[in-house]
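Overview (structure and organization)
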Amino acid sequence: TNMPHPVLVSGTDGVGTKLKIAFLMDKHDTVGIDCVAMCVNDIVCGGAAPMFFLDYIACGKNHPARIADIVSGITEGCRQAECALVGGETAEMPGFYPVDEYDLAGFSVGIVDEEKIIDGKKLAAGDVLVGLASSGVHSNGFSLVRKVLDVEHADLKTPRKDLNGKSLGEALLAPTKIYVKPVLKVLEEVDVKGISHITGGGFYENIPRSLKKGCCARIHKADVRTPALFHLMQKEGGISEHDMFNTFNMGVGMVLTVPAEQADKALEILHANGEPEAYRLGVIAEGEGVELC
């Protein structure tokens with residue numbers, strides 16, 4: 001490994017109730033990407049490169065074509081993350097799951113040299129937060145999404161102008177973006193001090209995980225580039241701004257914290273490696289938690 005003190009970093013997660021959208025759309029070839037993304041994006045937050053992944057599919061009835069679609073998504077996710085799919089399990093559980101439904105979870109292991117672990121200890125006031133755009137809701141908050149948009153009775157397949165020509169189902173089912181390759185590229189040249197994967201709990205619960213005591217993330221709400229889908233959900237559900245930022249990624253799937261003098265370099269690398277919409281999101285200041293002002 002060329003690492004004096006290699007450390008294994010592991011992560012496990014599932015796709016959650018986003019699967020209900022896949023059932024309604026009868027589209028199953030992207031949820032595997034979500035499953036991989038939720039695991040490997042967590043791993044890279046510690047500075048680790050994912051090495052391998054395993055999946056677990058539990059279903060009421062084994063429909064071979066559907067399972068093949070699911071696994072094709074998992075395979076694509078592993079390609080994007082450059083990690084090996086080394087195995088998995090498909091459990092047929094009649095009487096426990098409905099015959100047309102399934103659950104999907106996964107587990108991944110990565111590796112990082114001990115001296116390069118990212119833990120937020122080097123954070124200082126003045127450091128810059130860099131936001132990486134999300135592809136949509138990703139894989140969190142779908143219980144609320146399903147409620148406020150009444151997806152079981154909504155038109156999921158007709159293209160909509162307010163969603164840039166996508167149908168509601170397409171917008172909701174957009175696979176979670178995998179940030180592994182661009183982030184690892186940045187780590188090669190930039191002193192990244194903290195990384196946050198914006199999942200369930202939004203800004204308020206995820207960004208503080210990368211902060212040390214005495215530091216806060218100061219972000220101007222007007223600077224957050226929020227896609228139309230989130231505005232639609234807020235309007236339809238009458239959801240407060242605070243609750244939106246405390247539930248969803250709001251268009252930001254990952255946040256890197258870098259020294260101010262290296263922010264331009266980080267953005268240059270991200271723009272050249274599949275993240276053309278990465279941008280300065282805010283700064284580190286004295287305080288605690290997240291300040292949205």
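Attention here is on the structure that accompanies the text. (Residues numbered from 1 in each chain as written. Predicted model: local features only at pLDDT ≥ 70, side-chain atom pairs only at ≥ 80, totals over all residues. Heavy atoms only, no water.)

Turning our eyes to something else, we now look at the sheet that holds strand β7 (residues 215-219). Ordered in space as β6-β8-β5-β9-β7-β10, the 6 strands form an open sheet in which the pairing is mixed. At either margin of the open sheet sits one strand with a lone partner, and together these are β6 (194-197) and β10 (289-292). When the angles between neighbouring strand axes are averaged without regard to direction, this sheet yields 25°. (Pairing = 2+ DSSP bridges. Helix = DSSP H or I, 4+ residues; strand = E, 2+ residues; numbered from the N terminus. Axes fitted to C-alpha atoms, helices over the stretch in contact; angles between N-to-C directions.)

Looking now at empty space enclosed by the protein. Applying the stated criterion to the full structure yields 1 cavity of 30 Å³ or more. Taken as a whole, the largest cavity holds about 30 Å³ of empty space. The wall of the largest cavity is formed by Cys59, Lys61, His63, Arg66, Ile67, Val99, Asp100, Glu101 and Tyr102. Taken together, the residues of the lining of the largest cavity sort by class into 4 nonpolar, 1 polar and 4 charged. (1 Å grid on protein atoms, 1.4 Å probe; cavity = no way out; pocket = protein on both sides within 12 Å on 5 of 7 lines; lining within 4 Å. Points joined across faces, edges and corners; volume = space filled by probe spheres on them. Nonpolar A, V, L, I, M, F, W, Y, C, P; charged D, E, K, R; others polar.)

All right, on to unusual backbone geometry then. In the Ramachandran plot, aspartate 150 falls in the positive-phi region, its phi being about 45° despite a non-glycine side chain. Positive phi outside glycine occurs at asparagine 164, with the angle close to 55°. Asparagine 164 gets classed as exposed once you look at its relative accessible area, which sits at 73%. (Buried < 20%, exposed > 50% of the residue type's maximum accessible area, 1.4 Å probe, protein only.)

It is a probe the size of a water molecule, rolled over the atoms, that shows where empty space is left. Here the largest pocket is characterised by a volume of approximately 430 Å³. Around the largest pocket, the lining is made up of 23 residues, and of these Gly47, Val112, Lys116, Ile117 and Leu187 lie nearest the centre. Here the lining of the largest pocket is composed, by residue class, of 11 nonpolar, 3 polar and 9 charged. Space inside the second largest pocket adds up to approximately 280 Å³. Lining the second largest pocket we find 16 residues, and of these Ser135, Gly136, Asn164, Pro227 and Ala228 sit closest to its centre. Among the residues making up the lining of the second largest pocket, the classes are represented as 7 nonpolar, 5 polar and 4 charged.

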